[in-house]
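# Coordinate inspection notes
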Amino acid sequence: MTNAAKRLKKIHRLVGRAVSDYQMIEDGDKIMAAISGGKDSFLMLDALLHLQRVAKVKFEVVAVNMDQKQPGFPEHVLPRYLEENNIPYFILEKDTYSIVKAKVPEGKTTCALCSRLRRGSLYGFAEEIGATKIALGHHMDDIVETMFLNMFFQAKLSAMPPKLLSDDKRNIIIRPLAYCREKDIAKVAKDRAYPIIPCNLCGSQEGLKRQAAKAMLEEWDAQDPDRVVNIFRSLQTVKPSQLADTNLFDFASLNIERPTLIPLSNLADAVNTEIRLKEA
């Protein structure tokens, strides 16, 4: 087996484990795979199609790309790739680019508004086509980065769960790449020669907080390759009593539980009696 085949097999194994652990896919599901044109979403789609072929449960996969009308966006790339690989797809055209540019002052980051508009459009479209799950290409590094961003800038301990019910309870979001490291995804994407489309709206912005978080993880990776994985695993082994959230744990009702204690005076008498008996 070649190194490229081993790398792809590893990704397939991790995706299968994540899907199983969080019961992401059920028999009869219609999975809407949100495809941006980046390496992560390409590989997620690839892995879902592999799982569709080998899994016991039967489910559909349909790719959906949201054309946000960014200037210079190569509209032909994704349709050509999807058609060449016989993958069912939709192109959802929404001019969110103009909205973002009009609403966000020059020099400010566009990510928050852009992602909110994109998410709302995808949620609505999933209902239109009868999709039961929306698959997003977030990986382990994205999840850990989000946790630190929320800690540093929102003062809350939260991240992106592998499976999520939307606030309005109308959609379920799954993240099949939750167990995959970005560095492994990058290698497989190169092996597979996906036609990557860069994001000119937000990916090239300087000074993004997420870029700083990413650089922090890369530095940690160089020091200890297991550190990011262990941080992710800590999200799977939460101990509310060891944190400080009064909504998660009832600190007010803590009470000591001890057997009936012997008064110190009685204890001293008992010890002295034992000593005298030994001496006798």
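So, a few notes on the structure that sits alongside this text. Quick caveat, the model's predicted, so the values are computed rather than measured.

Let us look at the packing of helix α2 (residues 39-54) against helix α7 (residues 182-192). Here α2 crosses α7 at 75°, and the two axes come no closer than 9 Å. By the angle between their axes, α2 is roughly perpendicular relative to α7. For the pair α2 and α7, the contacting residues are K39, D40, L43 and D46 in the first and E182, I185, A186, V188, A189 and R192 in the second. Looking at the contact of α2 with α7 residue by residue, the classes come out as five nonpolar, no polar and five charged.

Let's shift gears to the packing of helix α8 (residues 209-223) against helix α9 (residues 227-234). Two elements in contact, α8 and α9, have axes whose closest approach is 8 Å; the angle formed by their N-to-C orientations is 115°. Across the interface between the two elements, L217, W220, D221 and Q223 from α8 touch R227, V228 and I231 from α9. Its residues assigned to classes, the contact of α8 with α9 comprises four nonpolar, one polar and two charged.

On to helix α3 (residues 77-84). Because the α-helix completes a turn every 3.6 residues, residues three or four places apart line up on one side. What α3 keeps buried is the set V77, L78, P79, Y81 and L82. N86 lies just past α3 and shows a positive phi near 55°.

So, on to the nonpolar core. Formed by 52 residues in total, the largest nonpolar core has its most connected members in I25, L45, L48 and V144. Sort the elements by how many residues they give to this core and α2 lands first, with eight residues. Ignoring sequence-local partners within four residues, the contact set of L45 consists of A33, I35, V61, A63, L82 and I87. Within the second largest apolar cluster, 15 residues are counted, among which are A34, V64, L122 and I129.

As a further point, take unusual backbone geometry. For A155, which is not a glycine, the phi torsion comes out positive at approximately 55°. Position of A155 among the secondary structure elements: in the loop between α6 (140-154) and β5 (163-165). When its relative accessible area of 74% is taken as the criterion, A155 is described as exposed. Not every positive phi belongs to a glycine, and A193 is a case in point at roughly 55°.

This part takes up α7. All of the buried residues in α7 are E182, D184, I185, V188 and A189. For α7, the angular spread of buried residues about the axis comes to 155°, placing them on one side. In the stretch just after α7, A193 is the one whose phi turns positive, near 55°.

Rules of the game
- The residue numbering used here restarts from 1 in each chain and proceeds along that chain's sequence as written.
- Reporting of local features is limited, given that this is a predicted model, to residues whose pLDDT is at least 70; pairs of side-chain atoms are given and counted only at 80 or more, and all residues count toward the totals for whole chains, interfaces and linings.
- In computing side-chain values, all of the structure's heavy atoms are included and hydrogens and water are not.
- Comment: axis = line fitted to C-alpha atoms, over the contacting stretch for helices; angle = value between 0 and 180 degrees taken between N-to-C directions.
- Strands are runs of DSSP state E lasting at least 2 residues, helices are runs of H or I lasting at least 4, and numbering of each runs from the N terminus.
- Small angles under 35 degrees read as roughly parallel and large ones over 145 as roughly antiparallel, with 65 to 115 read as roughly perpendicular and the rest as oblique.
- Two residues form a contact once any of their heavy atoms are found within 4.5 Å.
- Residues are grouped as follows: Ala, Val, Leu, Ile, Met, Phe, Trp, Tyr, Cys and Pro are nonpolar; Asp, Glu, Lys and Arg are charged; every other residue, Gly included, is polar.
- Throughout, exposure labels follow a simple rule: accessible area from a 1.4 Å probe, protein chains only, divided by the maximum for the residue type, with under 20% read as buried, over 50% as exposed, and the rest as partly exposed.
- Take the buried residues of types Ala, Val, Leu, Ile, Met, Phe, Trp, Tyr and Cys, join any two whose side-chain atoms come within 4.5 Å, and each joined set is a nonpolar core.
- Here the arc refers to the set of directions running from the helix axis out to each C-beta atom.

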